[in-house]
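Spelled out, the chains give:
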Amino acid sequence: MAQVDPPQPGEGMVAIAVTWAGINFKDVMQRRGDSGYADSYPVAPGLEVSGTIIAAGPGVPADSVGRRVCAVTANGGLAEVAVADWSLTVDIPDGVSDRSAAAAPGALTSAALLVDAFGRVRAGDVLLVHSAAGAVGRAVAQVARHRGAARLIGMVGAPSRVSAAQTNGYDEVLVRGDTTPEALRAMLHRAPIDLIIDPLGTAMMDFDLQVSGPGSRIIISGNAPGGPMAATPDIRALMGMGVQIGGFSLSALMARSPDLVAKAMRQVLELLRDGILVPELTTVPELAAVPGIHDALAAGAGQGKYVVDIAAQLPRAEARRASAGKV
C-alpha cells in the first residue's frame, strides 16, 4: 500500500474531506475500459461525494472552507479527499444527511434532469423507462410522479428484477425480450408513449421506435451494454414519424452547462429534504468492497443505490499509518 499526499485544489476548485461517496455505473464503464469514459489509465473512480470543504483554490470564496457540501466530480470521489469544481459543489441543507446527499450528485441529479430539463414531463404523460429497477429508474419514477405523470411503465432485464421495479413505483413492469412492441401497444390501447428514457444505447432503438408515435420523445441516457452504438434513424424518417430522439450525458453537461447541473443538484437536495425523493440506499462499509459492487452492477444484479462510508475508515487508515511510522 502506497502513502500519497492529498490532492490540492487548483483554480476554481475545492478539496473535500469525504464522509460518504456514491457508486455510479460510470465507475463500472471506466473500469472495464469503455470508450469515452476515461481520458487515460489508471483512473481513480468516483463521481459523487459528500463531506466538508477543507481547502479552496484561487477564485473560490474563502468562506467556502468548512461548508458541508456534496459535489459531482470528474473522477476520484472514492477517496478520503476529493477535488471538485466549485461550480459543481452545493451546500447540503439542514435535514439531509451526508449519507443521503452522497446519492444526489450523480444518479438523482441525472434523474431530475431527465424528467425536467430533457424529458419535459407534463401532467398526464405516459413514460417507459428502461433499467427501471436501478437507482436512476427509482428516482425517475418518484420525480415524474411528482410532476404529474399519469402512468409509469418500467422495463427490466430479467424476471428477478421485476419486484425491485415494482417497489420503485412503476405501474407495470415488463421483462426485456419477453414483451413485443405490439403487446405493449395493445396494453396502451395503441396510444403512443410520451417519453422513453433508455440507458441501453441503441440496443432497444427498434423497440422504442415501434412503441412511439407522433410527439413521442426518446432520450438515450447512456450505453450500459458498452461497445459501439448503431446509428439513429435518418432525420427524414424521424420527421415522417413525428418522433424526437435526444441524448443525455451528465459528464457532457458538467463540462458545458455546470450551472444547469448545480441547479438540478439543489432541487434534488430539496426533494430529499421534503421526502419526495426517497432513494434505496445500501451502505458499503469499506472501499475494499467496492470492486464486488462494480461486478454486481455490471451483471445487472445491483440493489438500489450504493454509498460508501468513507469516514468510518479514517481511524483505521490513521492506525495503519501510525504503525508504519508515517504519522
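Before reading on, note that the structure itself is shown above.
Source: prediction; values computed, not measured.

**Student:** Got a minute to help me understand the overall build of the chain in this structure?
**Tutor:** Counting secondary structure elements, the chain contains 12 helices and 13 strands. In terms of overall size, the chain behaves like a compact globule, its C-alpha atoms giving a radius of gyration of 20 Å where 327 residues would be expected to give roughly 20 Å. Dimensions of the chain, computed from the C-alpha atoms along their principal axes, are close to 70 × 35 × 35 Å. Here the chain holds 327 residues, and 49% of them are scored as buried. Summed over all atoms, the accessible surface of the chain reaches about 14,500 Å², with 54% contributed by carbon and sulfur. Averaging the positions of the 27 positive and the 31 negative side-chain charges in the chain gives two centres separated by 2 Å.

**Student:** I would appreciate a short explanation of unusual backbone geometry in the present structure.
**Tutor:** Outside of glycine, negative phi angles account for most residues, and trans bonds account for most peptide bonds. Phi at Arg120 is positive, roughly 50 degrees, even though this residue is not glycine. Tracing the chain through its elements places Arg120 in the loop between helix H3 (104-118) and strand S6 (126-130). Residue class for Arg120 comes out exposed when judged on its relative accessible area of 57%. Despite not being glycine, Arg190 shows a phi value in the positive range, around 65 degrees.

**Student:** Any chance you could explain the pairing of strand S2 (residues 48-56) here in plain terms?
**Tutor:** It is a general feature of regular strands that their side chains alternate between the two faces of the sheet. Relative to S2, strand S1 (residues 13-22) runs antiparallel, the two being bridged by eight bridges. Each residue of the ladder has a partner; that of Ala21, found in S2, is Val49. In this structure, S2 lies alongside strand S3 (residues 68-72), joined through five bridges in antiparallel fashion. Following the sheet pairing, Thr52 is matched in S3 by Arg68.

**Student:** Please clarify how the side chain of Asp309 should be interpreted in this entry.
**Tutor:** When you line up the elements, Asp309 lands in strand S13 (residues 305-309). The side chain of Asp309 is buried and forms no salt bridge, while Arg99, the nearest opposite charge, is found at 7.4 Å. A distance of 3.1 Å separates a polar atom in the side chain of Asp309 from the backbone nitrogen of Ala312.

**Student:** Sorry, what's going on with the pattern of salt bridges here?
**Tutor:** When charged atoms on two side chains of opposite charge get close, those side chains can pair. According to the stated counting rule, one finds 12 salt bridges in the structure shown. The salt bridge partner of Arg67 is Asp63, with a shortest N-O separation of 3.3 Å. For Asp63, a relative accessible area of 53% gives the class exposed. Note that Arg217 is salt-bridged to Asp125, the shortest N-O span being 3.1 Å. Within this pair, whereas Arg217 is found in strand S10 (residues 217-220), its partner Asp125 is found in the loop between H3 and S6, the two being separated by 92 residues in sequence. Accessibility classification places Arg217 together with Asp125 in one group, the buried group. Three or more residues are tied together by salt bridges with common partners; here these are Asp63, Arg67 and Asp91.

**Student:** Would you mind showing me how to read helix H11 (residues 290-298) here?
**Tutor:** Note that an α-helix has 3.6 residues per turn; residues three or four places apart therefore point the same way. Taken residue by residue, H11 has Val290, Ile293, His294 and Leu297 as its buried positions. Down the axis of H11, the buried set is contained in an arc of 105 degrees. They therefore lie on one face. Tucked inside the fold, the buried residues of H11 contact helix H1 (25-31), strand S12 (281-284) and S13. Of the residues one or two after H11, Gly300 is the one with positive phi, at around 75 degrees.

**Student:** Teacher, can you tell me more about the side chain of Asn168 here?
**Tutor:** For Asn168, the location among the structural elements is in the loop between helix H5 (162-167) and strand S8 (172-175). On the basis of relative accessible area, Asn168 is assigned to the buried category, the value being 3%. A distance of 3.0 Å separates a polar atom in the side chain of Asn168 from a polar atom in the side chain of Arg138. The residues contacting Asn168, other than those within four sequence positions of it, are Ala132, Ala133, Gly134, Arg138 and Ala141.

Cut-offs used in this document
- Residues numbered from 1 in each chain as written.
- Predicted model: local features only at pLDDT ≥ 70, side-chain atom pairs only at ≥ 80, totals over all residues.
- Heavy atoms only, no water.
- Helix = DSSP H or I, 4+ residues; strand = E, 2+ residues; numbered from the N terminus.
- Rg over C-alpha atoms; globule rule 2.2 N^0.38 Å.
- Buried < 20%, exposed > 50% of the residue type's maximum accessible area, 1.4 Å probe, protein only.
- Areas by Shrake-Rupley, 256 points an atom, 1.4 Å probe, with all protein chains shown as cover.
- Lys, Arg positive; Asp, Glu negative; His and termini not counted.
- Charge placed at Lys NZ, Arg CZ, Asp CG, Glu CD.
- Pairing = 2+ DSSP bridges.
- Salt bridge = Lys/Arg side-chain N within 4 Å of Asp/Glu carboxyl O.
- Polar contact = N/O pair within 3.5 Å; in protein donor to acceptor, adjacent residues only side chain to side chain.
- Arc of directions from axis to C-beta.
- Contact = heavy atoms within 4.5 Å.

Function cannot be inferred from these measures alone, as they are strictly geometric.
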